[in-house]
Amino acid sequence: MDTHAAPAQTRHDAIPCGPPIRQLFRDVIADRMPDRMPLQAAMLFGSEIDPTWDDRSFLAEFYNEILHQDTCQPYTADGLALLAALAVDDRIPARHRFQAVDLLFSAATVTERHLAETWPATPRHADPDSEARACNAVLLHTPDLLARWPAECPAVQLALAGLAVVFPTVRTLPALTARLHTFMNQHPQGTDIGDYVRFVPVLAAQDDSQTLATTEKLTDAYWTGTARGVPTRARALHLLGQMLTRVGAGLTRPRAGQ
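Turning our eyes to something else, we now look at the packing of helix α7 (residues 110–118) against helix α14 (residues 232–251). The contact between α7 and α14 brings their axes to 8 Å, and the two run at 100°. The angle between α7 and α14 places the two elements in the roughly perpendicular class. Contact residues: Glu112, Arg113, Leu115, Ala116 and Glu117 in α7; Arg233, Ala234, Arg235, Leu237 and His238 in α14. Of the residues contributing to the contact of α7 with α14, the split by class is four nonpolar, one polar and five charged.

This is the structure we're talking about:
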């Protein structure tokens, strides 16, 4: 099955209505993905508009079309290209760039996070092949996303830091240590951001014993923990996902001019 929509047809069918964020997303995707688009682009270019949509309700539907109820399906990997395109375009407000990176993080860590939640049972809606394809798709886009660090706002930088440790390399720890230094100075340990920016380098160091000890210390304090039999990486990414969600809730509230 062809998993891409032909842009000429979708643009022909599109009508200039719907909530403002839909129109903005459509413009960005049309510019950045002019040749072939994944099926989820029909949410942007289709002629049918739900009259109840406002920005919030449209975004919920659009994101769910890509990562359906936090699970990966056969076409999830294709749809992640839409999120990557939105995340690197300055026309997209910062809070929505954050959401795009956050969703990429979620897609890349579905296997680990769900394993941590259901251990020792198998996650109910697991689809290993689709999850692996989604993770590889995020990995493909990560270098371009991380290259934007110097130009990004603090909220998106924090999301990028979380994404970086999903795919650590020998360069990850030195780079993140330097990039997160200012955050550490401004946000003490025991605060949401302070704990998050100190946990990220722990994961980047790829030391299982240190990662396990820090994960247990943080979850014993006030985060939702997981069974101690869960593999260390799964426990850590489950915790990191919680932290990123809470940090983002505080940093990405709409502000004037965004």
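Following Trp119, the chain continues to Pro120 via a peptide bond in cis, the omega torsion being 5°. With respect to the helices, strands and loops of the structure, Pro120 is situated in the loop between α7 and α8 (128–146). Not every positive phi belongs to a glycine, and Asp70 is a case in point at roughly 60°. Locating Asp70 in the fold gives a position in the loop between α4 (55–66) and α5 (76–87). Accessibility expressed as a relative area gives 25% for Asp70, which makes it partly exposed. The phi torsion at Gln206 lies on the positive side, around 55°, for a residue other than glycine. Residue placement: Gln206 occurs in the loop between α12 (192–204) and α13 (208–221).

Looking at the secondary structure, you find Ser130 in helix α8. The class for Ser130 is buried, based on a relative accessible area of 5%. Only 2.8 Å separates the side chain of Ser130 from the side chain of Asp127, close enough to count as a polar contact. In contact with Ser130, other than residues within four places in its own chain, are Cys72, Gln73 and Pro74.

On to the packing of aromatic side chains, then. Applying the stated criterion across every chain, the model contains four aromatic pairs. Taking 5.7 Å as the distance between ring centres and 15° as the angle between the ring planes, the aromatic pair formed by Phe58 and Phe62 counts as stacked. Of this pair, Phe58 and Phe62 both sit in helix α4, four residues apart, roughly one helical turn. Residues Phe58 and Phe62 agree in their burial class; the two are buried. By way of ring pairs, the aromatic residues Phe25, Trp53, Phe58, Phe62 and Tyr63 are connected into one cluster. In this arrangement the basic side chain of Arg246 is found over the ring face of Trp223, its NZ or CZ atom lying 4.0 Å from the centre.

Thresholds, definitions, all that
Residues numbered from 1 in each chain as written. Predicted model: local features only at pLDDT ≥ 70, side-chain atom pairs only at ≥ 80, totals over all residues. Heavy atoms only, no water. Axes fitted to C-alpha atoms, helices over the stretch in contact; angles between N-to-C directions. Helix = DSSP H or I, 4+ residues; strand = E, 2+ residues; numbered from the N terminus. Parallel < 35°, antiparallel > 145°, perpendicular 65-115°, else oblique. Contact = heavy atoms within 4.5 Å. Nonpolar A, V, L, I, M, F, W, Y, C, P; charged D, E, K, R; others polar. Buried < 20%, exposed > 50% of the residue type's maximum accessible area, 1.4 Å probe, protein only. Polar contact = N/O pair within 3.5 Å; in protein donor to acceptor, adjacent residues only side chain to side chain. Phe/Tyr/Trp six-rings, centres within 6.5 Å; stacked < 30°, edge-to-face > 60°. Lys NZ or Arg CZ within 6 Å of the ring centre and 35° of its normal.

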